[in-house]
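Close look at the chain arrangement
Letter by letter, the chains look like this.
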Amino acid sequence: MAGHSKWAQIKRQKGASDIQKSKTFSKLAKVISIAAKKGSDPNTNAELRGAIDKARTENMPMENIKRAIEKGAGGVEGGELESIRYEAYGPGGAAIIIDTITDNSNRTVAEIKHILNENGAKFAERGSVLWVFDLTGAKPTPKMTTEISSNDKEGLDKLIKALLENDDVQEEYTNVK
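Structure report, in brief. From a predicted model like this one, the values you see are computed outputs, not experimental measurements.

This next bit is on the overall build of the chain. On a plain count of helices and strands, the chain comes out with five helices and six strands. Going from the N terminus to the C terminus, the chain shows its helices and strands as α-α-α-β-β-α-β-β-β-α-β. Dimensions of the chain, computed from C-alpha atoms along their principal axes, come out at roughly 60 × 45 × 30 Å. Looking at the chain as a whole, 35% of its 177 residues are labelled buried. Nonlocal contacts in the chain, meaning residues at least 24 apart in sequence, comprise 63% of its contacts between residues at least 6 apart. Each charge class in the chain can be summarised by its mean position, and for the 27 positive and 26 negative side chains these summaries are 5 Å apart.

What follows is the structure in structure tokens.
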């Protein structure tokens, strides 16, 4: 029975789950660092407290959380993180907002444009998509929704998956029903 090693199967599964955890922890660390810029004490900074709580629900180690807080508060040398919001039109004219946290905005915008071009979407100018969304809450919600065809829906799903695989992309919002 060649190829039926239990150890090899466990190693493969653990490797896949470790990669997913690493991506999740990386995204959470960026959120914590951005929140820590407004104050490194979670008792006085509600945004930081929420980010830490979210990280703890994902079982992120406290050492990683403390390191992210130090980086955001300026205690650790490294790239300066910034939060950037991009806008795009997806397949079928769907409006898309892409929230990112990055240390290199030039690299991130190039990667986002590349992903959009590969998936039949177009990068939009600032403000050309935001009017479709209500930005008063914690997360943008669409004021108007759009119906798209099943082919466009498949293309949009593929685009969203590709965007979320990018390490710098934190969230994406669309106005599709």
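What follows concerns the layout of surface pockets. Counted as a void, the largest pocket has a volume near 870 Å³. Considering the residues around the largest pocket, the lining is formed by 28 residues, among which Val31, Lys54, Gln170, Glu171 and Tyr173 are closest to the centre. If you list the elements that add at least two residues to the lining of the largest pocket, you get α1 (6–36), α2 (46–57), β1 (82–89), β2 (95–102), α5 (150–165) and β6 (169–174). For the lining of the largest pocket, the element with the highest residue contribution is α1, accounting for eight residues. For the lining of the largest pocket, the per-class residue count stands at twelve nonpolar, six polar and ten charged. Of the voids in this model, the second largest pocket is the one considered here, and its volume is about 250 Å³. The wall of the second largest pocket is formed by 13 residues, among which Ser26, Ala29, Lys30, Ser33 and Lys71 lie closest to the centre. Of all elements in the fold, only α1 and α3 (62–73) reach the threshold of two or more residues within the lining of the second largest pocket. The dominant element in the lining of the second largest pocket, judged by the number of residues it contributes, is α1, at five residues.

For the rest of this paragraph, the subject is the nonpolar core. Among the nonpolar cores identified, the biggest contains 17 residues, and Ile96, Ile98, Ile112, Leu116, Leu156, Leu159 and Leu163 are the most heavily contacted of them. Within the residue set of this core, elements represented by two or more residues are β1, β2, α4 (105–118) and α5. A total of four residues in this core trace back to one element, the largest contributor, which is α5. Discounting residues that sit within four places of it in the chain, Leu156 has contacts with Pro91, Ala94, Ile96, Ile148, Thr174 and Val176. Listed in part, the 14 residues of the second largest apolar core include Leu28, Ala35, Ala36 and Leu48.

Strand order across the open sheet formed by four strands is β3-β1-β2-β6, with antiparallel pairing between neighbours. Among the strands making up the open sheet, the edge pair consists of β3 (122–124) and β6. Pairwise comparison of adjacent strand axes, ignoring direction, gives a mean angle of 30 degrees for this sheet. In terms of strand pairing, β1 meets β2 through eight bridges, oriented antiparallel. In the sheet register, Ser83 faces β2, and the bridge partner there is Ile101. Each of β2 and β6 is contacted by α5, which is oriented at about 160 degrees to β6, the strand it contacts most.

With that settled, consider the packing of α4 against α5. Where α4 meets α5, the axes come as close as 10 Å, and the angle between the chain directions of the two elements is 160 degrees. Overall, the two elements α4 and α5 adopt an arrangement that is roughly antiparallel. Taken as a pair, α4 and α5 cross one another with a handedness that is right-handed. Mapping the contact onto sequence places Ile112, Ile115 and Leu116 in α4 and Leu159, Ala162 and Leu163 in α5. Looking at the contact of α4 with α5, its residues break down into six nonpolar, no polar and no charged.

What counts and what doesn't
Residues numbered from 1 in each chain as written. Predicted model: local features only at pLDDT ≥ 70, side-chain atom pairs only at ≥ 80, totals over all residues. Heavy atoms only, no water. Helix = DSSP H or I, 4+ residues; strand = E, 2+ residues; numbered from the N terminus. Buried < 20%, exposed > 50% of the residue type's maximum accessible area, 1.4 Å probe, protein only. Contact = heavy atoms within 4.5 Å. Lys, Arg positive; Asp, Glu negative; His and termini not counted. Charge placed at Lys NZ, Arg CZ, Asp CG, Glu CD. 1 Å grid on protein atoms, 1.4 Å probe; cavity = no way out; pocket = protein on both sides within 12 Å on 5 of 7 lines; lining within 4 Å. Points joined across faces, edges and corners; volume = space filled by probe spheres on them. Nonpolar A, V, L, I, M, F, W, Y, C, P; charged D, E, K, R; others polar. Core = buried A, V, L, I, M, F, W, Y, C linked by side-chain atoms within 4.5 Å. Pairing = 2+ DSSP bridges. Axes fitted to C-alpha atoms, helices over the stretch in contact; angles between N-to-C directions. Parallel < 35°, antiparallel > 145°, perpendicular 65-115°, else oblique. Left-handed = near helix turned anticlockwise from the far one by under 90°.

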